[in-house]
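Examination of the molecular architecture
Spelled out from the first residue to the last, the chains are:
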Amino acid sequence: MPKQEQAQAQKEDKQTAGGQAELRKVREDKRDALREAGLDPYPYKYEPSHYAAALHEAYKDIPDGTETEDSVRVAGRIMAVRNNGMFLDVQDASGKIQVFCHKGSMSADELAKLKFFDIGDIVGGEGTMRRTPRGELSVRAIKVEMLSKSLLPLPEKFHGISDIEMRYRQRYVDLIMNRESCDTLRVRSKVISLIRRHMDDMGALEVETPILHPIMGGASAKPFVTHHNALDTDFFLRVAPELYLKRLIVGGFADDVYEIGRLFRNEGISPKHNPEFTTIEGYHAYKDYFDMMDMVEGLVQKLVMEIHGSLKIPYGDYEIDFTGPWQRKSMVDLVTEESKIDFLQFETAEEALRAADDLGISVDPQSNWGQIVEAVFEELVEPKLIQPMHVIDHPLDISPLAKGHRDNPRLVERFETFVNTWEIANAFSELNDPAVQRERFAGQAAAREAGDEEAQMMDEDFVTALEYGLPPTGGWAIGIDRLVMLLTNSSNIREVICFPTLKPKK
RNA sequence: GACCGCUUAGCUCAGCUGGUAGAGCAACUGACUUUUAAUCAGUAGGUCGAGAGUUCAAAUCUCUCAGCGGUCACCA
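Residues numbered from 1 in each chain as written. Chains lettered and ligands numbered in written order. Predicted model: local features only at pLDDT ≥ 70, side-chain atom pairs only at ≥ 80, totals over all residues. Heavy atoms only, no water.

A few words on the domain arrangement of chain A. Per the domain assignment, the segments making up chain A are domain 1 (1–154) and domain 2 (179–326 + 387–496). Spacing between the C-alpha centres of domain 1 and domain 2 amounts to 49 Å. (Domains from an automatic or database assignment.)

In structure tokens form, the structure reads like this:
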């Protein structure tokens, strides 16, 4: 076709096809051309012999300019093409390797396939290992194969994608382009795997409890509500698995149980909150909260060590040192340290409220004593808790499922582990006196009546379970997402979630 | 939910106090051939997030809306 006609034809194409459609059409044409040449653009199978990383490791010592007879097959996505297809950068799950396509080693038929290849295609290459005179480990291809024709252009090779929205909405593109995104999510995967192994090794049984809850309980939070049609009943997506896990301990199913799973809270979205998030929650018969502190500390240290090879890790501007034993301080004492006020001296909420006012901390005037202490703690103490610390002995008012403190009736045996100002663990000696639990639920239900949307509901069946008898039990939970944020130096929870919640695009 | 900011080619970004859109990469045509963000010459690619307004004239100014981001609120 003469040039003018060609330009004209291209121009006509453009009227129906915009920029991206035009790029796509070029690739569709190559796909069709593959078929016309008798090649399947989407074949069923390929058997690579090595990952790129394994080759880099195995051949790390061969000098520049070495040719070997070692035959390998690699497969992956073309990330870059140089010299008109002579050099392909092929990326697999482990890394990248250059595939060298030269007429010296490839038949004319094989060479002809290169014209169907684009950046982004999944291809296979078979050939011999060599290191180029310039030092690049390569596969000297004898054969190449299209394994999956890509129809859409990848982002620019040098800058990659920086559009944050695209990174989360089209995570697959982010993963193709950004090694760090893969690495972060792989740490998450490893953390969950390590936790599971740790728990299994101690003989704990992993269980799955309902996500659809008829009664909201186990945590103070706003729930999602959904509807079962056949039962014509609303259910809450669970905000915590706690009450079911304790029922299993009552049943003697096992003395140690745990569940790794998703929780759902219908609250704001922020760099530290996703509506669905993952926790590990464990319950251990015959243990108290001191045992839980040891357990949480040991597990977290193990994870930090496995991931980083050190107990000191960087996060933002800080170095966080997980070396134990972590400090254990009571919430009230910490508040006293910062405010110079001992809130235990106040017998009533009114006095505590005045003290909070004097500190310039605004608190809902409806608050009870414990809520005021908690508010002051959050305001004055939390922002300072960078290094790991177990904050212990919370007010009873804010802990309806924890057992009363053995030395102080206004407190409970509870701790929250803080790192980098975040609560990463929450645990207690579990309340197992059914009469007391019933009173606590009644208090929650009353608060709920009074408008506290996050207060828990009376769960009669749970109280019944306690009436059959829950052994002395320690329970704990760790938020996996935030832990992974710490371990990967991520500043946004979305980095550690494969598909974070976004508003659907219209 | 409130406030602030961002949105221009497939991607990364320019575009000044208003004067009808530019570059690099990717793509296409060709040259070259052991490259490393390969190079060289050329071609094509845009409803400037959407809608309304002001103006002779709007990517640019105003308003509304949408998505995203940041801070705050709620929370883990």
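Picking up after the structure, the text goes on.
Our next topic: the side chain of N492. Along the chain, the position of N492 falls in the segment after α15 (480–488). Within polar-contact distance, the side chain of N492 engages the backbone nitrogen of R494 at 2.9 Å. In this structure, N492 is in contact with Y168, P271 and M485, ignoring residues within four places of it in sequence. (Helix = DSSP H or I, 4+ residues; strand = E, 2+ residues; numbered from the N terminus. Polar contact = N/O pair within 3.5 Å; in protein donor to acceptor, adjacent residues only side chain to side chain. Contact = heavy atoms within 4.5 Å.)

Before going further, it helps to examine the packing of aromatic side chains. Under the criterion given, the structure shown has seven aromatic pairs. A ring pair is formed by Y289 and F290, whose centres lie 4.5 Å apart and whose planes are at 50°; its orientation type is tilted. For Y289, a relative accessible area of 1% gives the class buried. Overall, the relative accessible area of 34% leaves F290 in the partly exposed class. (Phe/Tyr/Trp six-rings, centres within 6.5 Å; stacked < 30°, edge-to-face > 60°. Buried < 20%, exposed > 50% of the residue type's maximum accessible area, 1.4 Å probe, protein only.)

Which parts of space are left empty comes out when a probe the size of a water molecule is rolled across the atoms. The final tally for this structure, using the stated rule, is one cavity of 30 Å³ or more. Of the voids in this model, the largest cavity is the one considered here, and its volume is about 40 Å³. If you go around the largest cavity, the residues you meet are V74, A75, L88, V90, V99, F117, V123, G124, G125 and V144. Secondary-structure elements contributing two or more residues to the lining of the largest cavity are β1 (67–82), β2 (87–91) and β4 (122–131). Here the element with the most residues in the lining of the largest cavity is β4; it accounts for three residues. Here the lining of the largest cavity is composed, by residue class, of eight nonpolar, two polar and no charged. (1 Å grid on protein atoms, 1.4 Å probe; cavity = no way out; pocket = protein on both sides within 12 Å on 5 of 7 lines; lining within 4 Å. Points joined across faces, edges and corners; volume = space filled by probe spheres on them. Nonpolar A, V, L, I, M, F, W, Y, C, P; charged D, E, K, R; others polar.)

One pass over the structure, following the stated rule, counts 34 salt bridges. Notably, a salt bridge pairs K25 with D29, separated by 3.1 Å at the nearest N-O pair. Highlighted residues: K25 and D29, both in helix α2 (residues 19–36), separated by four residues, approximately one helical turn. On the accessibility criterion, K25 (34% relative accessible area) is partly exposed. Across the pair E67 and R130 runs a salt bridge whose closest N-O atoms are separated by 2.8 Å. Residue E67 is located in strand β1, and its partner R130 is located in strand β4; the two are separated by 63 residues in the primary sequence. Note on E67: relative accessible area 39%, which makes it partly exposed. Salt bridges linked by common partners bring K30, D118, D121 and K149 together as one network. (Salt bridge = Lys/Arg side-chain N within 4 Å of Asp/Glu carboxyl O.)

Moving on, we get to helix α9 (residues 289–308). The terminal C-alpha atoms of α9 lie 28 Å apart, and with 20 residues this matches the ideal 28 Å at 1.5 Å per residue to within 8%. Three or more residues of α9 are buried, namely Y289, M292, M293, M295, V296, E297, L299, V300, Q301, L303 and V304. Capping of α9 at its N-terminal end is provided by D288; its side-chain oxygen lies 3.1 Å from the backbone amide nitrogen of F290. Trailing α9 by a residue or two, G309 shows a phi angle of about 70°, which is positive. (Expected span 1.5 Å × (residues − 1).)

A separate point is the pairing of strand β10 (residues 256–264). Within β10, eight of the nine residues are buried, which leaves it mostly tucked inside the rest of the structure. In this sheet, β10 lies alongside strand β6 (residues 205–206) in parallel orientation, the contact comprising two bridges. Its bridge partner being in β10, E206 is matched across the sheet by Y258. Pairing analysis gives nine bridges linking β10 to strand β11 (residues 276–285), with the strands arranged antiparallel. Across the sheet, E259 pairs through a bridge with E281, a residue of β11. (Pairing = 2+ DSSP bridges.)

Bringing the sheet that holds β10 into the picture now. If you walk across this open sheet you meet the eight strands as β6-β10-β11-β18-β17-β16-β15-β14, and the pairing is mixed. Since the sheet does not close on itself, it has two edges, and those belong to β6 and β14 (327–330), each with one partner. With six bridges connecting them, strand β16 (residues 414–419) and strand β17 (residues 422–429) associate as antiparallel partners. Looking at the pairing, F415 lines up with A427 of β17. Helix-sheet contacts for helix α7 (residues 179–201) involve β6, β10, β11 and β18 (473–479), and the interaxial angle to β10 is about 155°. Sitting on the sheet, α9 is in contact with β11, β14, β15 (389–392), β16, β17 and β18, with an inclination near 30° to β18. (Axes fitted to C-alpha atoms, helices over the stretch in contact; angles between N-to-C directions.)

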